[in-house]
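Each chain, written out:
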Amino acid sequence: MAVDMGEAEFEAAVSDALDAVPQELMAMLDNVVILVEAEPEGPERELLGLYQGTALTDRGWEYGGVLPDTITIYRGPTLRMCATPEEVVEEVAVTVVHEIAHHFGIEEARLHELGWG
């Protein structure tokens, strides 16, 4: 059963998760926009978050003049997978860290090894 959480409350959970990330790491984010959307597009309907862009580790001298990378946190799948509002807050925090880690070039397998999968 999905958790009933309004859009504003979900966005506040994302904001709180971002506030919990150490400022030293947030200061190193470069050319990134963080979005909240209702549902992912395409076949991956249960995707909780998505990083789209060029990881810092893949940027070279030719990187420049590009649109910002995006980190998108999806409300619908997160609410459907959680049983309580507290679980939503916890899952949002994990998803935010997971997607920020992709910006820093940390791969999916390594995130799972570290418990952020």
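- The name an unreviewed UniProt entry gives the chain is Metallopeptidase family protein, with Glycomyces luteolus as the organism.

**So, the overall build of the chain**
(1) Moving on: Counting secondary structure elements, the chain contains five helices and three strands.
(2) Moving on: From first element to last, N terminus to C terminus, the chain shows the α and β order α-α-β-β-β-α-α-α.
(3) Moving on: For a compact globule of 117 residues, the expected C-alpha radius of gyration is about 13 Å, and the chain comes in at 14 Å, within 12% of that figure.
(4) Moving on: Each principal axis of the C-alpha atoms in the chain carries an extent, and together these give about 50 × 30 × 30 Å.
(5) Moving on: Taking all 117 residues of the chain together, the buried fraction comes to 34%.
(6) Moving on: At a minimum sequence separation of 6, the contacts of the chain that also span at least 24 residues come to 74%.
(7) Moving on: Element-wise, carbon and sulfur atoms account for 55% of the exposed surface of the chain, whose accessible area totals about 7000 Å².
(8) Moving on: Computed over 5 positive and 24 negative side-chain charges, the separation of the two mean positions in the chain equals 4 Å.

**Description of the environment of E37**
(1) Moving on: Relative to the elements of secondary structure, E37 occurs in strand 1 (residues 32-37).
(2) Moving on: By relative accessible area, which is 33% here, E37 ends up partly exposed.
(3) Moving on: Sequence separation between E37 and R75 is 38 residues, and the spatial gap between their C-alpha atoms is 6.2 Å.
(4) Moving on: Not counting the four nearest positions on each side in its chain, E37 is found in contact with T72, I73, Y74 and R75.

**Brief notes about the pairing of strand 2 (residues 49-52)**
(1) Moving on: Only one face of strand 2 is buried: it carries G49 and Y51, and the other face, with L50 and Q52, is open.
(2) Moving on: Sheet analysis places strand 2 next to strand 3 (residues 69-74), joined by four bridges and oriented antiparallel. Residue pairing for strand 3: Y51 is matched across the bridge by I71.

**Things to note about the environment of E86**
(1) Moving on: Looking at the secondary structure, you find E86 in helix 4 (residues 85-103).
(2) Moving on: In this structure, the C-alpha to C-alpha distance between E86 and A13, residues 73 residues apart in sequence, is 9.9 Å.

Conventions adopted
Residues numbered from 1 in each chain as written. Predicted model: local features only at pLDDT ≥ 70, side-chain atom pairs only at ≥ 80, totals over all residues. Heavy atoms only, no water. Helix = DSSP H or I, 4+ residues; strand = E, 2+ residues; numbered from the N terminus. Rg over C-alpha atoms; globule rule 2.2 N^0.38 Å. Buried < 20%, exposed > 50% of the residue type's maximum accessible area, 1.4 Å probe, protein only. Contact = heavy atoms within 4.5 Å. Areas by Shrake-Rupley, 256 points an atom, 1.4 Å probe, with all protein chains shown as cover. Lys, Arg positive; Asp, Glu negative; His and termini not counted. Charge placed at Lys NZ, Arg CZ, Asp CG, Glu CD. Pairing = 2+ DSSP bridges.

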